[in-house]
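Chains, contacts and geometry: an overview
Residues per chain, in single letters:
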Amino acid sequence: MDIIKPKKLHYGDTIGLVAPCIALNQEHAQNSINALKTMGFKIKEAKYLYSNSIGFSGSIEERAYDFNSMIADDEVKMLLFGGGEVCNELLPYIDYDSIRRHPKIICSYSDSTTLLNAINYMCGLVTFYGASIGTFGNLSEYNRQSFESRLMGCGTSYVKASPWKTICPGKCEGVLAGGYLVNYAVMYGLEQYPEIPYDDCILFIEDHEMFSPPAMVSKWFANLEHRGAFKKARGLIFGHYSNKEYTIIDDILRRVGEKYHIPVVRSEDFGHGANNAILPIGTHAMLDTGADSFELLDCGVC
C-alpha cells in the first residue's frame, strides 16, 4: 500500500469540526472551541454539527455531507471529532477518492475507530487515534504536548504518561493499527476493512470498564482471533481500562500474547481515561519491553 501523509498543522490553520458518531452538545463543544481558538487555531463548524434529526445524531445524509464537505474544503487542514455509536453507518457514503485528492489530518477516538481505520485501508492515508473535540475542553499539559508533537512536528519521539506494564516480554516492529476494541472487532471483515492492510502490525487496543466488563473484552478479542487479526500482529498494546486494577484483564492479554508469541504491554497513555496520546495509524513503530521503550520509526505528517 502506498502511504499518504497529511501536511502538519500550524498555528493559524483551520480545524473543521464534524459529528459523525453522535449529536454534539453545543454548550459542551463551546469550551473546546474556545480553547482551540485560544491556542491559535481557526475553527470551522460543519453545517449539521449539532443536528440530532434522528434522535441521537444527524441523519446519515447530514453526517456524510458534513464529512465529505470538510474533506473537500482546502481551507480546512484538519478534521476533529468525537466518539459515539453510529460511525459505521457512514462507511459506504464516504468519498474516499476525495480523501486521496485532499489528504489532511483526521483525528478522533472511540467509535471513530471505524472511520479512521477504514480511511487508512481504503486510501492509504495516515489517520490519528487519541484526541477528540472533548480533549480540549479541559486540556492537560500531557495532552497538549501529545497534540503538538504528533500533529504539528515531524519528530518521532514518544513520551509516556506513566510507566508501561509488561504482560508478555519481547521486541517487535510493525505498523500501527487499532483503536477501541468493540469497534475494531466489529468492523474487521467489512468491505471497507476486510483485514489489517499490513503483514506486520503492532495492534493498539483500548476498552473501558464502563462499556465492557472483562468477559466482553475476552469476547471481542476472540472475535479478532477468529477473523485472523493476530496472525498479522507482531505486538499488542492495551490502553487505559480502569482506575482500579483488574488482574483478569492481564490474564486475557497474557493468553493472547502467549498463544501468538508476541510482546504485550498495558499503557495508561490512551483510551477513555484522562490521557489522550495520539497514535498515527499506518506508521511504523518499535516496541521493546526489555528496554522499556516504544518508538515511532516515522512520523505521521509531512
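In this report, the structure presented in the accompanying data block is examined. A quick note: this is a predicted structure, and the numbers were derived from the prediction, not measured.

**Notes on the pairing of strand 7 (residues 171-180)**
Within strand 7, eight of the ten residues are buried, which leaves the element mostly enclosed by the surrounding structure. Across five bridges, strand 7 lies against strand 12 (residues 284-288) in antiparallel orientation. Within the sheet, the bridge partner assigned to Glu173 lies in strand 12 and is Met286. One ladder, built from six bridges, connects strand 7 with strand 8 (residues 201-206); its direction is parallel. In the strand pairing of strand 8, Gly178 is matched with Phe204.

**Observations concerning the sheet that holds strand 2 (residues 42-45)**
Spatial strand order, 2-1-3-4-5-11: six strands in an open sheet with mixed pairing. Sheet topology places strand 2 and strand 11 (279-281) at the edges, where each strand pairs with a single neighbour. Shown here is a sheet whose adjacent strand axes are inclined to one another by a mean of 30°, direction ignored. Direction of pairing for strand 1 (residues 14-17) relative to strand 3 (residues 76-80): parallel, over a ladder of four bridges. Each residue of the ladder has a partner; that of Gly16, found in strand 3, is Leu79.

**Some words on the sheet that holds strand 12**
A sheet is described by the order of its strands in space; here seven strands give the open sequence 6-10-9-8-7-12-13, paired in mixed fashion. Looking along the sheet, the strands with just one partner apiece sit at the ends: strand 6 (165-168) and strand 13 (293-296). Averaged over all pairs of adjacent strands, the angle between their axes in this sheet comes to 35°, without regard to strand direction. Note that strand 6 and strand 10 (residues 264-271) share three bridges and pair antiparallel. Following the sheet pairing, Lys165 is matched in strand 10 by Arg266.

Analysis parameters
Residues numbered from 1 in each chain as written. Predicted model: local features only at pLDDT ≥ 70, side-chain atom pairs only at ≥ 80, totals over all residues. Heavy atoms only, no water. Buried < 20%, exposed > 50% of the residue type's maximum accessible area, 1.4 Å probe, protein only. Helix = DSSP H or I, 4+ residues; strand = E, 2+ residues; numbered from the N terminus. Pairing = 2+ DSSP bridges. Axes fitted to C-alpha atoms, helices over the stretch in contact; angles between N-to-C directions.

Keep in mind these values describe shape, not function.
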